[in-house]
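# Per-entry structural report
This is what each chain is made of:
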Amino acid sequence: MNTASKILLCLLAVLALGACKGTESIVTVSYEGAGRITEGTKIDCGSKCTAVYTNSGLNANLGRGYDITLTATPAAGFELFTWVKGCGASLQCKQRIASICNHFPAPGPQLCQEYVGVNIQAEAVFVPAGSVAQEYRYGTDQNCLVDTSGILKCWGPDNFSGSNVPTVSNPVEVQLAKNVGCVRSGDNKLHCWGNSSISQVPVLANAGQFTLQDRQSCYLVGSNTTCYRQYACALDGNALKCWGAVPAGITSRMPALNNPVSLRADNNNVCVQDSSGDHCWGDDFIGQTATPALNQPTEISASGIGTCALTASGLRCWGFPTGGGTTDGSFTNATSLTLADTHICVGDDAGMQCFWNNFSPLTQLPPALQDSRRAKWVGYNLCGLDDTGLDCWNWLGDYNRPAYRPTNLPQADDFDVTSIGACGIKDRTLACWGETNFWPAQDSPTRSLPLLQPKVIAINHAALCVGGDDGLYCRHHSTGTELAASQPKGLQGISALAMSSYNACALHNNGVTCWGRSQYGVLDVPALQNPRRIALGDYHACALDDTGVVCWGEKLPQPE
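Keep in mind that this is a model prediction, so the values were computed, not measured.

Glancing now at the overall build of the chain. Along the backbone of the chain there are three helices and 46 strands. A separation of at least 24 residues holds for 47% of the contacts in the chain among residues at least 6 apart in sequence. Surface summary for the chain: the accessible area is close to 25400 Å², and the carbon and sulfur share equals 49%.

See below:
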């Protein structure tokens, strides 16, 4: 629609509905310390000023708004510490002047009956040059510093700043989370403040390192959504004490500690280093890397937080919240093992046998999958391959659903499954099919692969990778964009691939290479002797080599 048509429609709206009013947005700026904040000709004032910005509904923006740039200029001998909300320590802070339509009598902003503005508040903090010498922290909404004279000062919401900040002697460490902060003083006392149960610190005789965490969970309170369940932990002499909304696995799995010296954590896990080494545990760290004694393992699989291995004595699993376990007896010529978060399937001469992760039998599979020798299961999606081709089953709690054979790839050299669909390869052809409410799923167009000899495929919810004798090819699921920048270079003779939400691993001519997120130690591949199988969970990886099953990961970054 051209501009003339938009103006005509707005004029019609004026006659029918009243008027296309201009937008007035109010920008209020302030600062602490010594300096100025300016923006064009509208803002150039003392410690606080207000300016009005107008955006007409008839101009070229038509409700889309525009940006202004606030510039902070420290006075002589001062420097910008931070903007209290957004922009950090940058001297220039961009703010959006929005035009928000109150009424849409018909589609399109050109028919808006009434625009309304927004109120913007921006605050800068100037401090004496060189004063941020001991400690400074940026939280979700607040900022704190300890200057060279040992004074702790914070800026942020009313329930966080001002008189709520404790007066401490010689503050040596400050940490912030959303609307809460803690400071450790030179006499090893811990003081917390803010709008959180964390502010009620337990008695700590000799506070050492501590951590604050925002658990990224959300829940409804009436019609409002509340997020950030918070918890804190601190070393206290020879013990670790945690309080707030502590994940159950941190308190129930806490080991005995001997002279702890280092503490680190994420939203669900804690690691402590003591005189005997590194100990990591929590809701997600439950022993995935602690491989039990295994009798001649031949296959491995991992998913989420669990690991399973096929052995001469049967099926052995570990790392589950229930502690894992083992089946009685063995399987005959087993060729595949697949582990989902709640299910385990083994393919052998008897066909497909599936169990819950507590080893109770699973209700009968669809006939098309019962004789599958290879299978992969993620979420509600199970795919199996036999001599007649590839079949998939979307369970969704209904065992009576029939299996589905993808029409774009009835046969497959290799395949992989996610909770939202599956992909497979045949020769140099790639095909995917996606989950719908009911089978059959939606088949996608096939693609030709750039590899000359593709052999294996692995996928997660966002990307897929294909490997073969001549290298590795990875791309984004929906856009098709090749992920060349994120994949390792020079890998040849790839015989196995594995992907999780965070990482990918490849078994190739020169061993095992993993890439992706380094936080949990999956990229730190140990020395392996003739590896021949790989498996990947959310926080750990495993390989089957001449020594048995070797697992690594399940740790947090070392403290700075």
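Following the structure, the description resumes.
Turning our attention to the layout of surface pockets. The probe, sized like a water molecule, is rolled over the atoms to show the empty space still left. Looking at the largest pocket, its volume works out to about 1100 Å³. Taken together, 47 residues line the largest pocket, and the ones lying closest to its centre are Ser301, Lys376, Asp416, Leu497 and Ala498. Going through the elements one at a time, β23 (299-303), β27 (336-339), β30 (374-378), β33 (414-418), β38 (454-459), β41 (496-499) and β44 (533-536) are the ones with two or more residues in the lining of the largest pocket. Counted by class, the lining of the largest pocket contains 22 nonpolar, 14 polar and 11 charged residues.

For the structure on display, the rule yields eight aromatic pairs. Consider the rings of Trp377 and Trp393, whose centres lie 6.1 Å apart with planes at 65 degrees: the pair is edge-to-face. Residue Trp377 is located in strand β30, and its partner Trp393 is located in strand β32 (residues 389-394); the two are separated by 16 residues in the primary sequence. Considered together, Trp377 and Trp393 belong to a single accessibility category, that of buried residues. Taking 4.8 Å as the distance between ring centres and 90 degrees as the angle between the ring planes, the aromatic pair formed by Tyr520 and Tyr539 counts as edge-to-face. Placement of the pair is Tyr520 in the loop between β43 (511-516) and β44 and Tyr539 in the loop between β44 and β45 (540-545), with a sequence separation of 19 residues. Note on accessibility: Tyr520 and Tyr539 belong to one class, buried. Through successive ring pairs, a cluster of aromatic residues spans Phe285, Tyr502, Tyr520 and Tyr539. Over the ring of Tyr53 we find Lys42, and its NZ or CZ is 5.1 Å from the ring centre.

Take unusual backbone geometry next. One non-glycine residue with positive phi stands out, namely Asn530, at about 55 degrees. Topologically, Asn530 is positioned in the loop between β43 and β44.

Further remarks concern the sheet that holds strand β39 (residues 463-468). Spatial ordering of the open sheet is given by β38-β39-β40, a layout of three strands whose pairing is antiparallel. Two strands bound the open sheet, and with one partner strand each, they are β38 and β40 (471-476). Adjacent strand axes in the sheet meet at a mean angle of 20 degrees, parallel and antiparallel pairs treated alike. Judged from the five bridges that link them, β38 and β39 form a sheet pairing that is antiparallel. Following the sheet pairing, Ala458 is matched in β39 by Cys465.

With antiparallel pairing, the three strands of this open sheet are ordered in space as β27-β28-β29. The sheet is open, and its two borders are formed by β27 and β29 (351-356), each paired with just one other strand. Across the sheet, the axes of successive neighbouring strands diverge by a mean angle of 15 degrees, strand direction being ignored. Inspection of the sheet shows strand β28 (residues 343-348) paired to β29 by six bridges, in the antiparallel sense. Paired with Cys345 across the bridge in β29 is Cys354.

All right, on to the environment of Gly480 then. Structurally, Gly480 can be placed in the loop between β40 and β41. Counting along the chain gives 17 residues from Gly480 to Ala463, while the straight-line C-alpha distance between them is 8.9 Å. Those residues within four positions of Gly480 in sequence are excluded, and the remaining contacts are Arg447 and Arg475.

Counting across every chain of the model gives 13 salt bridges. A salt bridge links Lys426 to Asp413, with the shortest nitrogen-to-oxygen separation between them at 3.3 Å. Here the residue Lys426 occupies a position in strand β34 (residues 421-426), and Asp413 occupies one in the loop between β32 and β33, the gap between them amounting to 13 residues. Take Lys426: its relative accessible area is 30%, and that puts it in the partly exposed class. When its relative accessible area of 30% is taken as the criterion, Asp413 is described as partly exposed. The partner of Asp469 in a salt bridge is Lys455, with the nearest N and O atoms 2.9 Å apart.

For the rest of this paragraph, the subject is the side chain of Gln288. Residue position: Gln288 is located in the loop between β22 (277-282) and β23. At 2.6 Å, the side chain of Gln288 forms a polar contact with the backbone oxygen of Asp284. The contact partners of Gln288, leaving out residues within four places of it in the chain, are Ile305, Gly306, Thr307, Trp318, Gly319, Tyr539, His540, Cys551 and Glu554.

Another aspect to go through is the side chain of Ser185. Along the polypeptide, Ser185 turns up in strand β15 (residues 180-185). On the accessibility criterion, Ser185 (2% relative accessible area) is buried. Only 2.3 Å separates the side chain of Ser185 from the side chain of Asp187, close enough to count as a polar contact. Among all residues touching Ser185, those that are not within four sequence positions of it are Val168, Ser169, Asn170, Pro171, Val172 and His191.

Counting residues in hydrophobic clusters, the biggest one holds 21 residues, and the most contacted among them are Val27, Val29, Ile43, Leu70 and Trp83. Contributions of two or more residues to this core are made by β1 (23-32), β4 (48-55), β5 (66-74), β6 (78-83), β7 (92-97) and β10 (119-128). A per-element tally of this core places β10 first, with four residues. In contact with Ile43, not counting residues within four places along its chain, are Val27, Val29, Ile37, Thr38, Cys49, Ala51, Tyr53 and Leu70.

Per the counting criterion, the structure on display carries 10 disulfides. Sulfur-sulfur distance for the disulfide between Cys233 and Cys242 comes to 2.0 Å. The disulfide joining Cys233 to Cys242 has a torsion of about 110 degrees about its S-S bond and is therefore right-handed. For Cys233, a relative accessible area of 0% translates into the label buried. One disulfide bridge connects Cys308 with Cys317, the sulfur atoms lying 2.0 Å from each other.

What follows covers the confidence of the model for the chain. Within the chain, residue pLDDT values average 81, and 81% of them lie at 70 or more. When mean pLDDT is taken per element in the chain, β45 scores highest with 97 and helix α1 (residues 3-17) scores lowest with 36. Note on residues 1-22: pLDDT under 50 across the span, and 31 contacts to partners over four residues away in sequence or across chains. Every residue in residues 104-110 scores below 50 in pLDDT, and together they form 12 contacts with partners more than four places removed in sequence or on other chains.

Cut-off values and rules
Residues numbered from 1 in each chain as written. Predicted model: local features only at pLDDT ≥ 70, side-chain atom pairs only at ≥ 80, totals over all residues. Heavy atoms only, no water. Helix = DSSP H or I, 4+ residues; strand = E, 2+ residues; numbered from the N terminus. Contact = heavy atoms within 4.5 Å. Areas by Shrake-Rupley, 256 points an atom, 1.4 Å probe, with all protein chains shown as cover. 1 Å grid on protein atoms, 1.4 Å probe; cavity = no way out; pocket = protein on both sides within 12 Å on 5 of 7 lines; lining within 4 Å. Points joined across faces, edges and corners; volume = space filled by probe spheres on them. Nonpolar A, V, L, I, M, F, W, Y, C, P; charged D, E, K, R; others polar. Phe/Tyr/Trp six-rings, centres within 6.5 Å; stacked < 30°, edge-to-face > 60°. Buried < 20%, exposed > 50% of the residue type's maximum accessible area, 1.4 Å probe, protein only. Lys NZ or Arg CZ within 6 Å of the ring centre and 35° of its normal. Pairing = 2+ DSSP bridges. Axes fitted to C-alpha atoms, helices over the stretch in contact; angles between N-to-C directions. Salt bridge = Lys/Arg side-chain N within 4 Å of Asp/Glu carboxyl O. Polar contact = N/O pair within 3.5 Å; in protein donor to acceptor, adjacent residues only side chain to side chain. Core = buried A, V, L, I, M, F, W, Y, C linked by side-chain atoms within 4.5 Å. Disulfide = S-S within 2.5 Å. pLDDT = per-residue confidence, 0-100.

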